[in-house]
Amino acid sequence: TQLLEQSPQFLSIQEGENLTVYCNSSSVFSSLQWYRQEPGEGPVLLVTVVTGGEVKKLKRLTFQFGDARKDSSLHITAAQTGDTGLYLCAGARIGSGNTGKLIFGQGTTLQVKP
Amino acid sequence: EADIYQTPRYLVIGTGKKITLECSQTMGHDKMYWYQQDPGMELHLIHYSYGVNSTEKGDLSSESTVSRIRTEHFPLTLESARPSHTSQYLCASSEYGGTGSLSYTFGSGTRLTVV
């Protein structure tokens, strides 16, 4: 059973288009993070959201945490070829205490074509 | 700049060989993790450590073993490599868990191919 479902799993768009990636769960998370991974490299943290309903912006990227802290979305405005990569959401489950263990989604592969 | 280092980056090895994947971090983080990832796929936790002399198996069963003798060092060993072990292995560390304060730093990974 996948605790964090990401959709879509693959997205191919033209440069300049907008896109949204979703991360959904039936579980409540104390925090949720988004990572971006390029081929042959490890994931790099983009943002952490903590409060239900929270919205964070990072240049052309907008991240939102659902009110119930069960879901999150990543919106990219005017995508660029440099946005190409694997986007992973990850959540810290309620009750995980100080284990520091994250649950990862299966990832969304984004391809931005020039 | 704080960092986490994995060596080797790429390894091709024959079946039955013993291998050790190295992971070191310079940030003084207590918690460290090993993940297994197939290309473009999700990460599966195979080992984690809360600190020196503390290791636990992760959610994905793995024939590998780990040790944590020093805070900065978290090597992973496969006693007898098999083709099914072919994968990307990612090491990560975090400063501490908890609401709003959890952040992983990942190494660049070791791409292992067992032939």
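A few points on the structure.

A word on the overall build of chain A. Broken down by element type, chain A carries 0 helices and 11 strands. For chain A, the N- to C-terminal ordering of α and β elements is β-β-β-β-β-β-β-β-β-β-β. Here the C-alpha atoms of chain A give a radius of gyration of 14 Å, agreeing with the 13 Å that 2.2 N^0.38 yields for 114 residues. Across its three principal directions, the C-alpha atoms of chain A cover 45 × 30 × 20 Å. Taken across its 114 residues, chain A has 47% of its residues classed as buried. A fraction of 57% describes how many contacts in chain A between residues 6 or more apart in sequence connect residues 24 or more apart. In the structure as shown, chain A presents an accessible area of about 5,200 Å², 49% of it carried by carbon and sulfur atoms. Treating the 10 positive side-chain charges of chain A as one cloud and the 9 negative ones as another, the clouds have centres 6 Å apart.

With that settled, the discussion passes to the pairing of strand β8 (residues 71-76) of chain A. All names here are of chain A. Bridge analysis of strand β3 (residues 19-24) against β8 gives 6 bridges, and the strand direction is antiparallel. Bridge pairing in β8 places Leu19 opposite Ile76. Of the strand pairs in this sheet, strand β7 (residues 61-65) and β8 are connected by 5 bridges, and their pairing is antiparallel. When the bridges of β8 are listed, Thr62 appears paired with His75. Taking the residues between adjacent antiparallel strands as the criterion, β7 and β8 are bridged by 5 residues, where Arg69 takes a positive phi near 60°.

Below, the discussion takes up the pattern of salt bridges. Pairing between side chains of opposite charge can happen when their charged atoms approach one another. Applying the stated criterion to the full structure yields 8 salt bridges over all chains. One salt bridge connects Glu41 of chain A with Arg9 of chain B, and the closest N-O pair in it is separated by 3.6 Å. With Glu41 of chain A in the loop between β4 (29-37) and β5 (44-49) and Arg9 of chain B in the loop between β1 (4-7) and β2 (10-13), this pair bridges two chains. Residue class for Glu41 of chain A comes out partly exposed when judged on its relative accessible area of 33%.

Moving on to the interface of chain B and chain A. With 25 residues of chain B in contact, the opposing surface of chain A contributes 26 residues. Considering only the surface of chain B that becomes buried against chain A, Glu42, Leu102 and Tyr104 of chain B emerge as the three largest contributors, covering 26% of it. Taken together, the links from chain B to chain A amount to 2 salt bridges. The partner of Lys101 of chain A in a salt bridge is Asp59 of chain B, and the shortest N-O contact between them spans 3.8 Å. Put simply, chain B and chain A have 5 residue pairs in polar contact (both at pLDDT 80 or more) between them. For the side of chain B that touches chain A, the elements supplying multiple residues, two or more each, are β4 (31-37), β5 (43-51), β9 (87-94) and β10 (104-106) of chain B. Considering only residue class, the side of chain B that touches chain A consists of 11 nonpolar, 10 polar and 4 charged.

For the rest of this paragraph, the subject is the sheet that holds strand β6 (residues 55-58) of chain A. All names here are of chain A. Strand order in the open sheet formed by 5 strands is β1-β3-β8-β7-β6, and the pairing between neighbours is antiparallel. In the strand order of this sheet, the two ends are held by β1 (5-7) and β6, each with one partner. The average undirected angle you get between the axes of adjacent strands in this sheet is 15°.

What follows deals with the packing of aromatic side chains. The tally for this structure, following the rule as stated, stands at 11 aromatic pairs over all chains. Considering the side-chain rings of Phe104 of chain A and Tyr35 of chain B, the 5.3 Å spacing of their centres and the 80° angle between planes classify their relative orientation as edge-to-face. Linking Phe104 of chain A in strand β10 (residues 103-104) with Tyr35 of chain B in strand β4, this pair reaches from one chain into another. Tyr35 of chain B matches Phe104 of chain A in its accessibility class, with the two residues each being buried. Consider the rings of Tyr33 of chain B and Tyr35 of chain B, whose centres lie 6.5 Å apart with planes at 40°: the pair is tilted. In terms of burial, Tyr33 of chain B and Tyr35 of chain B fall into one category: buried.

Parameters and conventions
Residues numbered from 1 in each chain as written. Chains lettered and ligands numbered in written order. Predicted model: local features only at pLDDT ≥ 70, side-chain atom pairs only at ≥ 80, totals over all residues. Heavy atoms only, no water. Helix = DSSP H or I, 4+ residues; strand = E, 2+ residues; numbered from the N terminus. Rg over C-alpha atoms; globule rule 2.2 N^0.38 Å. Buried < 20%, exposed > 50% of the residue type's maximum accessible area, 1.4 Å probe, protein only. Contact = heavy atoms within 4.5 Å. Areas by Shrake-Rupley, 256 points an atom, 1.4 Å probe, with all protein chains shown as cover. Lys, Arg positive; Asp, Glu negative; His and termini not counted. Charge placed at Lys NZ, Arg CZ, Asp CG, Glu CD. Pairing = 2+ DSSP bridges. Salt bridge = Lys/Arg side-chain N within 4 Å of Asp/Glu carboxyl O. Buried area = accessible area lost by both parts, 1.4 Å probe. Polar contact = N/O pair within 3.5 Å; in protein donor to acceptor, adjacent residues only side chain to side chain. Nonpolar A, V, L, I, M, F, W, Y, C, P; charged D, E, K, R; others polar. Axes fitted to C-alpha atoms, helices over the stretch in contact; angles between N-to-C directions. Phe/Tyr/Trp six-rings, centres within 6.5 Å; stacked < 30°, edge-to-face > 60°.

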